[in-house]
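# Report on the structure
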Amino acid sequence: MFKRVRNRLLITNMLIIAVFVIACLAAVHITTRHFINSSINARLDNAINMCMRDINRQANGDQRRMGEMQPPLDTRRLPDDAFNTEISAYCDTDGSIISSRSVFEIDDDYSDVIKSLSKAEKASGSVMLSSDSWAYKRVGYESGYIIALTKNASERSIMLMLTILLCIIALVSLVISFLISLLSANRSMRPIEEAYNKQKQFVADASHELRTPLASISANIDVLLSKGDSTIESERKWIEYIGDEALRMTQLTNDLLSLARADDGDGQNIAYGEISLSDIVDDTLLENEAAAFERGVELSGNIEEGIRVNAPESGMKQLILILVDNALKYTPTGGAARMTLKRENDRVKFSIENDGEISKEDLPHIFERFYRADKSRSGDDSGYGLGLAIAAALCRNMGGRIKADSSNGKTKFTLTFKETC
């Protein structure tokens, strides 16, 4: 499934990039061709205008000036790579040359070409002459035509080289774009695939955890049904087993709902406001002193007064309570847990440190859903491994950070928030 999605994403990206690259290179090609054609047309128009001026002077009897402007006919040729070589000729409707203007002698080959151009369907275009490419333009003048020619071999070579260069650029750009798009598609799909796999694992784990109390309830009900003549009092233990398992299911369901709301963020519909974090931590400390005493754990606190943060009060209470409950659960009898709340620059730090160490293998996974470290640490099998996952999600939604450290026989959880000014 993810491979198909990645391929679709890759194809879409490549189509967009290909259209963009081709459009840009085509614009460069069209613009360059336009400027070159404009330059050629300017040379042809200039040659035609010069020819018209010579014709008008000749018609006015200015033989002297005409002779000065028209070079003597000879067999001298310009170099083959001459860039601005122009020929202009005034001919009748049959193509016979009446007068011409050129820097070299117009021989029979040139005359034949000019004659053919006088009868050509197109008034402008290109023609091969003496193994060179020439651009031509024909205009009607009086009782004949003026035909101008200019070499465009250099321009054609430039356009050919430009076309080849643009094709190479397009090919290289598309190859590089493909590699970048492939890398980007793989990186984009990786978190989606991970989230999907985590969701599948979450559903599988939740189903497994729900199956256990359901199986126990079903078994206890079968036992009760097999003793139809017994009284409720005589079978009280089976009923208590069913109640315990129902309570476990209720706890698990509530944890799942809390985690779903925490994941949703805005789905909690909880109003944010300025709250006293000092009061919340102090109240949590007082509320858990009895539970700590029952577990044989010394619970103490060092709480700085007047610390306020912008957060939902119920979410913050739940977050602090989860961390305190976790510390009490995993502190061995006779151990201690200590809560600290203080300011550090413009930040607020809450930490709870307890006796008992988390192994290096377990520490990177403690915020994962349904993950439970070695149960022998606490002897408590009542949890589902959702508490710290809920705490991490709540902390993230409230704009804070949570981290855990464990070494030298102690474990410490730290929350960091920005203090309200």
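Residues numbered from 1 in each chain as written. Predicted model: local features only at pLDDT ≥ 70, side-chain atom pairs only at ≥ 80, totals over all residues. Heavy atoms only, no water.

### Brief notes about the overall build of the protein chain
Convention followed: Elements are defined by DSSP. Helices are runs of H or I of four residues or more, strands are runs of E of two residues or more, and each kind is numbered from the N terminus. Any residue under 20% of the maximum accessible area for its type is buried, any over 50% is exposed, and the rest in between are partly exposed; the area is computed with a 1.4 Å probe on protein chains only. It only takes one pair of heavy atoms within 4.5 Å for two residues to be counted as in contact. Throughout, the Shrake-Rupley method with a 1.4 Å probe supplies accessible areas, and for residues the shown protein chains are the sole cover considered.
Of the regular secondary structure elements, the protein chain holds nine helices and twelve strands. Across the 421 residues of the protein chain, 36% fall into the buried class. The long-range share in the protein chain, meaning contacts at least 24 apart out of those at least 6 apart in sequence, stands at 68%. With an accessible surface of roughly 24500 Å², the protein chain has 54% of that area assigned to carbon and sulfur atoms.

### So, the packing of aromatic side chains
Under the convention used in this document: Here is the rule: rings of Phe, Tyr and Trp (six-membered ring for Trp) pair when centre to centre is within 6.5 Å. Planes less than 30 degrees apart are stacked, more than 60 are edge-to-face, and the remainder are tilted. When the NZ atom of lysine or the CZ atom of arginine is within 6 Å of a ring's centre and also within 35 degrees of its normal, the charge is said to sit over that ring.
What the rule picks out here adds up to four aromatic pairs. Between the aromatic rings of Tyr 90 and Tyr 141, the centroid separation amounts to 6.0 Å while the plane-to-plane angle is 80 degrees, which identifies the pairing as edge-to-face. On the criterion of sequence distance, the pair formed by Tyr 90 in strand 1 (residues 86-92) and Tyr 141 in strand 4 (residues 132-141) is long-range, its members being 51 residues apart. By the burial criterion, Tyr 90 is buried, and Tyr 141 matches it. Consider the rings of Trp 238 and Tyr 241, whose centres lie 5.7 Å apart with planes at 80 degrees: the pair is edge-to-face. Residue Trp 238 and its partner Tyr 241 are both found in helix 5 (residues 236-264); the two are separated by three residues, about one turn of the helix. On the accessibility criterion, Trp 238 (18% relative accessible area) is buried. According to the relative accessible area criterion, Tyr 241 is partly exposed, its value standing at 41%. Here Arg 138 stacks its cationic end above the ring of Tyr 145, 5.5 Å away from the centre of that ring.

### As for a nonpolar patch on the surface
Selection criterion: Note on patches: the residues involved have over 30% relative accessible area and no salt bridge, like charges join within 9 Å, and the nonpolar side chains Val, Leu, Ile, Met, Phe, Trp and Tyr join within 5 Å. Put simply, a salt bridge is a Lys or Arg side-chain nitrogen that is within 4 Å of an Asp or Glu carboxyl oxygen.
A grouping of Leu 160, Ile 164, Ile 168, Val 172, Ile 176 and Ile 180 is seen on the molecular surface, where their side chains present a nonpolar patch of about 560 Å² in accessible area. When you line up the elements, Ile 164 lands in helix 4 (residues 153-226).

### Quick notes on the pattern of salt bridges
Side-chain pairs of opposite charge can arise where the charged atoms are in close proximity. For the coordinates displayed, the defined rule picks out twelve salt bridges. Salt-bridge contacts for Arg 343 lead to Glu 419; the nearest nitrogen and oxygen are separated by 2.7 Å. With Arg 343 in strand 9 (residues 336-344) and Glu 419 in the segment after strand 12 (410-418), the pair connects residues that are 76 residues apart, well separated along the chain. The exposure class assigned to Arg 343 is partly exposed, which follows from its relative accessible area of 30%.

### Side note on the nonpolar core
Threshold: In plain words, nonpolar cores are sets of buried Ala, Val, Leu, Ile, Met, Phe, Trp, Tyr and Cys residues tied together by side-chain atoms within 4.5 Å.
In terms of nonpolar packing, the biggest core is built from 49 residues, with Met 316, Leu 319, Ile 320, Leu 323, Met 339, Phe 350 and Leu 415 touching the most fellow members. If sequence neighbours within four positions are ignored, Ile 320 has contacts with Ile 280, Val 281, Thr 284, Met 339, Phe 350 and Leu 415. Counting 18 residues, the second largest nonpolar core, distinct from the first, contains Ile 36, Ile 40, Ala 47 and Ala 148.

### A closer look at the pairing of strand 3 (residues 124-129)
Every regular strand shows the same layout, with side chains that alternate between the two sheet faces. Here is the rule we go by: For two strands to pair, DSSP has to find at least two bridges joining them.
As judged from the six bridges shared by strand 3 and strand 4, these two strands associate in the antiparallel manner. If you follow Val 127 over to strand 4, its bridge partner there is Trp 134. Hairpin connection of strand 3 to strand 4: two residues between the antiparallel strands, including Ser 130 at a positive phi of 55 degrees.

### Some points on the sheet that holds strand 2 (residues 97-101)
The criterion, for reference: Helix axes use the C-alpha atoms of the stretch in contact, all axes being lines fitted to C-alpha atoms, and the angles between their N-to-C directions lie in the range 0 to 180 degrees.
If you trace the five strands from one edge of the open sheet to the other, you get 2-1-5-4-3, paired in antiparallel fashion. Single-partner strands in this sheet number two, and they are strand 2 and strand 3. Across the sheet, the axes of successive neighbouring strands diverge by a mean angle of 25 degrees, strand direction being ignored. Two strands pair when backbone bridges link them, and strand 4 and strand 5 (residues 144-151) are joined in this way by eight bridges, in the antiparallel orientation. Its bridge partner being in strand 5, Ala 135 is matched across the sheet by Thr 150. Set on the sheet, helix 1 (residues 2-59) makes contact with strand 1, strand 2, strand 4 and strand 5; between it and strand 5 the angle comes to about 135 degrees. Where helix 3 (residues 108-118) meets the sheet, its contacts fall on strand 1, strand 2, strand 3, strand 4 and strand 5, and the angle it forms with strand 5 comes to roughly 125 degrees.

### Observations concerning helix 3
Stated formally: It is the directions from the helix axis to the C-beta atoms whose arc is reported.
For helix 3, every residue scored as buried is listed here: Tyr 110, Val 113, Ile 114, Leu 117 and Ser 118. The buried residues of helix 3 occupy an angular sector of 140 degrees when the element is viewed end-on, so they sit on one face. Turned more than 90 degrees away from the buried face of helix 3 sit Asp 108 and Asp 112, all of them exposed. Turning to helix 3, the residues buried within the fold contact strand 1, strand 2, strand 3, strand 4 and strand 5.

### Observations regarding the environment of Ser 126
Rules: Between N or O atoms, a polar contact is any pair within 3.5 Å; within protein, one atom must be a potential hydrogen donor and the other a potential acceptor, and residues adjacent in sequence are included only when both atoms are from side chains.
Within the element layout of this structure, Ser 126 appears in strand 3. The partly exposed category is assigned to Ser 126, whose relative accessible area is 44%. Put simply, Ser 126 and Thr 150 are 24 residues apart on the chain and 9.5 Å apart in space, counted from C-alpha to C-alpha. Those residues within four positions of Ser 126 in sequence are excluded, and the remaining contacts are Ser 133, Trp 134, Ala 135, Tyr 136, Asn 152 and Arg 156. Within the local environment of Ser 126, its side chain forms a polar contact with the side chain of Asn 152, the two groups lying 3.4 Å apart.

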